[in-house]
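A look at the structure
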Amino acid sequence: MVDAAASTKGDLHLTNLVKAFGDFRAVDDLSLVIPEGSFFALLGPSGCGKTTTLRMIAGLEEPTSGKISIGNTDITYAKPYARPVNTVFQNYALFPHLSIFENVAFGLRRRGIKDVKEAVTKVLALVELGHLAERKPVQLSGGQQQRIAVARAIVNRPALLLLDEPLGALDLKLRRQMQIELKWIQTEVGLTFVHVTHDQEEAMTMADTIAVMNEGRIEQMGSPVELYESPRTVFVANFLGQSNLVKGKVEGASGSDLQVSVHGNRIVVPSARNFAKDNSDKSVLIGIRPEKISIEHPEANTLGGGVITDISFVGVSTQFQIQMPWGQELSVFEQNDGGASHLQKGDTVALSWKPEFTFALDGTADVDAGTSVNPDEI
Amino acid sequence: MAFVAAISKRSSTVRGIKRPSTPYLLLIPGLSWLAMFFIFPLFTLASTSTQTAPEGADTGTYVQTFRLANYIDAFVASREQFLRSIIYALIATLLALAISYPLAYAIAFKSGKWKNLLLVLVVAPFFTSFLLRTIAWKQILGNEGPVVTVLRTLHVLGPQSGLTASAFAVVTGMTYNFLPFMTLPLYASLERIDPRTLEAASDLYANGLTTFRKVTFPLSLPGVVAGTLLTFIPAAGDYINATLLGNPKTKMIGNVIESRFFEIVDYPTAAALSFMLMAAILILVMAYVRRAGTDELV
């Protein structure tokens, strides 16, 4: 049978990939390179095309146009069973009529490998479920089934392991534990993992590189820190964590800084962190993460005259909602180190932050892009 | 819920039992029905099967003599029809399986928005009576019918030969009549298969044929067992197809029982044959179910 797993290795290239369902383009001209051995996450809300992309890589959907290759091997139209790619399905899709051992051995047997015992025993030991080899899938808990689904895929040593929302069905505590375990397994076996998820925290915890997808396209790609600290679009700024976005107008530049007028206040943005395209009326959106703002310590960037409308205590921090003189509500997270404990609802405060934390985005964009999707609802 | 709880609470206090008695109350109608129309007739049948006609009595008058040899006599007299019934039923079952499996598979996995319509069409023949359908089948296979005309044109059949009044007609008639009994359980078990397990199989290096052999078919086994039983059991005891579509050489055990009962008025032999048919089916079915190991399936 096909022993593609051994022969094909290398980076995964997606080139101008398109998948259209009638008039709807689920995946719209997507190009990216996933380096061999990396833990890559495709992150986006439901319907953004991430699962369709994954299914095209697995061979379960045929692209409308474009190319998929691993190393130098074109696999765009290869049958799913003829490509060195294995998938961990969302609901695990274990074979209910086969024992755990036979589930894990399935791929090896199909590839004509006679002596499967050693490989299967080894991978079951890796996921710490060797003692369940003779059970049937229904006799296992959700977390155990999840690990068997991973074992069943990695035992084949594929060039690429695809994970389709693999932790979606688990409760929060188990999900955290599995995140760490999956990351560990990836390091242990050294395979390329492509992980599809709508959970930004999950993506940030596990992946080396994240591609944020929206409406069939990649909004931004980079390391978790890069995406969080320097979001280049409003969608990314809102989908990954929270952002305060305030409308402003570019007044001019001085040295490596940009001077922006925000409702009468002068705000400084490093030119390198200006991701806005030039437009005629010079409008931009000034962005600042809530935890970067200080209510107590004056800094170079300050917006005054805010009134505290809501205070919620969440343990490590306290979250303030502050209504600005122009009506907009901004969020501020203060660490609970005693500094802000005297603040009360109705107090008038000034918000300050260091210029290097500020970023500037396209002023014509919709301020709410990426906020209306609640990742936990999907 | 509250209503049921109230009833069970009251009845258990009346009888002084702590356990809720509702489940047992609900069993009563079914059990009494079975007792009246199944258990009691079974005993009557058993009693009839060992009776003999007294010397010089009128036709149809029998007295209990516990003559077990009735069974041997009955079997010896209709061994041939017995065997034929089993063979015909087996062939019809296998044919129905061969026709129904692809049909049920297509409805379950490939029919899309036509699924409900196709299911209605499978059941549609039941809106006509069994008898009418069998007579219609006779028309279809008749010398003026489409099948014979086509086969004669293709020179598969000679100009003088036909298809009716033959073993072929009986077996195809049974296949046709019991097809829904095969299709529906097959469909039910195929439809329950999570398409993702099939995707998983192809993801794990199984091509279409291997996926079918290793995943689809094993997962549909409960449907195969149910369908074959629902076809084989009534087919083995059927006599309408043999009556309407057969000839004297295609008589089945059902025909023998019918004629013993209504024409010859030989109640003991008819009863003994009925019992033997029941026993034969029971033994075959038990061996089959054990072989298929259905209780191990999910």
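Residues numbered from 1 in each chain as written. Chains lettered and ligands numbered in written order. Predicted model: local features only at pLDDT ≥ 70, side-chain atom pairs only at ≥ 80, totals over all residues. Heavy atoms only, no water.

Moving on: the interface of chain B and chain A. The figure often quoted for interface size is the accessible area lost as the parts come together. On the side of chain A, 27 residues touch chain B, which itself brings 19 residues to the contact. Summed over both partners, the interface of chain B with chain A buries about 2100 Å², with 65% contributed by carbon and sulfur atoms. Of all residues in chain B, the largest losses of buried area upon contact with chain A belong to Asp203, Leu204 and Tyr205 of chain B, amounting jointly to 39% of the total for that side. Across the contact surface, chain B and chain A share 1 salt bridge. One salt bridge in this structure joins Glu199 of chain B and Arg55 of chain A, with 2.6 Å as the shortest N-O distance. On inspection of chain B and its partner chain A, the count reaches 6 residue pairs in polar contact (both at pLDDT 80 or more). Of all the secondary structure elements, the ones that give two or more residues to the side of chain B that touches chain A are α9 (195–203) and α10 (208–237) of chain B. Looking at the side of chain B that touches chain A, the element that brings in the most residues is α9 of chain B, giving 7 residues. Of the residues in the side of chain B that touches chain A, the class split is 9 nonpolar, 5 polar and 5 charged. (Contact = heavy atoms within 4.5 Å. Buried area = accessible area lost by both parts, 1.4 Å probe. Salt bridge = Lys/Arg side-chain N within 4 Å of Asp/Glu carboxyl O. Polar contact = N/O pair within 3.5 Å; in protein donor to acceptor, adjacent residues only side chain to side chain. Helix = DSSP H or I, 4+ residues; strand = E, 2+ residues; numbered from the N terminus. Nonpolar A, V, L, I, M, F, W, Y, C, P; charged D, E, K, R; others polar.)

If you look at the biggest cluster of nonpolar residues, it comprises 53 residues, and the most contacted ones within it are Leu12, Leu14, Leu32, Phe95, Phe106, Leu160 and Leu162 of chain A. Residue contributions to this core peak at 6 residues, all from helix α4 (residues 79–110) of chain B. With residues up to four places along the chain from it excluded, the contact list for Leu162 of chain A reads Leu54, Ile57, Ala58, Val85, Asn86, Thr87, Val88 and Val194 of chain A. Leu124, Leu129, Leu163 and Ala207 of chain A belong to the second largest nonpolar core, which has 48 residues in total. (Core = buried A, V, L, I, M, F, W, Y, C linked by side-chain atoms within 4.5 Å. Buried < 20%, exposed > 50% of the residue type's maximum accessible area, 1.4 Å probe, protein only.)

Pairs of aromatic rings are described using the distance from one ring centre to the other and the angle between the two planes. Residues and elements named next belong to chain B. Here the structure, examined in full by the defined rule, presents 17 aromatic pairs over all chains. Centre to centre, the rings of Trp137 and Tyr176 are 4.9 Å apart; their planes meet at 5 degrees, and the pair counts as stacked. You can see Trp137 sitting in helix α6 (residues 130–141) and its partner Tyr176 sitting in helix α8 (residues 167–191), a full 39 residues away along the chain. A relative accessible area of 18% means that Trp137 is categorised as buried. (Phe/Tyr/Trp six-rings, centres within 6.5 Å; stacked < 30°, edge-to-face > 60°.)

Right, let's talk about the pattern of salt bridges for a bit. Residue and element names in this part refer to chain A. Counted by the stated rule, this structure contains 19 salt bridges over all chains. Between Lys19 and Glu61 there is a salt bridge whose closest N-O contact spans 3.9 Å. Linking Lys19 in strand β1 (residues 12–21) with Glu61 in the loop between α2 (50–58) and β4 (65–70), this pair joins segments that are 42 residues apart in sequence. Among the residues examined, Glu61 registers a relative accessible area of 21% and is labelled partly exposed. When the shortest N-O distance is used, the salt bridge between Lys50 and Glu165 registers 3.7 Å. Here Lys50 is found in helix α2, whereas its partner Glu165 is found in the loop between β7 (160–164) and α6 (172–189), with 115 residues between them in sequence. Accessibility expressed as a relative area gives 4% for Lys50, which makes it buried. Take Glu165: its relative accessible area is 9%, and that puts it in the buried class.

An α-helix turns once per 3.6 residues; consequently, residues spaced three or four apart project the same way. Residue and element names in this part refer to chain B. Between its first and last C-alpha atoms α8 spans 35 Å; for 25 residues at 1.5 Å apiece the expected length is 36 Å, and the two agree. The sharpest bend along α8 comes to roughly 50 degrees, located at Phe178, with the proline Pro180 sitting one to four residues further on. Of all the 25 residues making up α8, 18 are buried; the element is thus mostly covered by neighbouring parts of the structure. (Expected span 1.5 Å × (residues − 1). Bend = angle between axes of the 7 residues up to and from the residue.)

All names here are of chain A. Strand order in the open sheet formed by 4 strands is β2-β1-β4-β5, and the pairing between neighbours is antiparallel. Only two strands of the sheet have a single neighbouring strand rather than two, namely β2 (24–34) and β5 (73–74). Two elements, β1 and β2, share 7 bridges in a ladder whose sense is antiparallel. Within β2, the position partnered with Leu17 by the bridge is Leu30. Contacts between α2 and the sheet are confined to β1, β2 and β4, with β1 contributing the most and set at about 115 degrees to the helix. (Pairing = 2+ DSSP bridges. Axes fitted to C-alpha atoms, helices over the stretch in contact; angles between N-to-C directions.)

Each domain of chain A was delimited in the assignment, giving domain 1 (4–229) and domain 2 (242–366). Distance between the C-alpha centres of domain 1 of chain A and domain 2 of chain A: 39 Å. (Domains from an automatic or database assignment.)

All names here are of chain A. Taken residue by residue, chain A gives an average pLDDT of 89. The fraction at 70 or more is 96%. When pLDDT is averaged over each helix and strand of chain A, the minimum, 49, is found for helix α1 (residues 4–7) and the maximum, 96, for helix α3 (residues 100–110). Under a pLDDT of 50 for its full length, residues 1–6 has, in the predicted model, 16 contacts with residues more than four places off or in other chains. (pLDDT = per-residue confidence, 0-100.)

Turning our attention to the packing of α4 of chain B against α8 of chain B. Residue and element names in this part refer to chain B. Running from N to C, α4 and α8 point in directions that differ by 40 degrees, and their axes come no closer than 6 Å. Between α4 and α8, the crossing angle belongs to the class labelled oblique. Here α4 and α8 pass one another in a crossing that is right-handed. In the contact of α4 with α8, the residues fall into 24 nonpolar, 4 polar and 1 charged. (Parallel < 35°, antiparallel > 145°, perpendicular 65-115°, else oblique. Left-handed = near helix turned anticlockwise from the far one by under 90°.)

On the surface, Tyr24, Leu27, Leu31, Leu34, Phe38, Ile39 and Phe43 of chain B cluster together into a nonpolar patch covering about 730 Å² of accessible area. Mapped onto the fold, Leu27 of chain B is located in helix α2 (residues 22–49). (Patch = residues over 30% accessible without salt bridge, like charges linked within 9 Å, V, L, I, M, F, W, Y side chains within 5 Å. Areas by Shrake-Rupley, 256 points an atom, 1.4 Å probe, with all protein chains shown as cover.)

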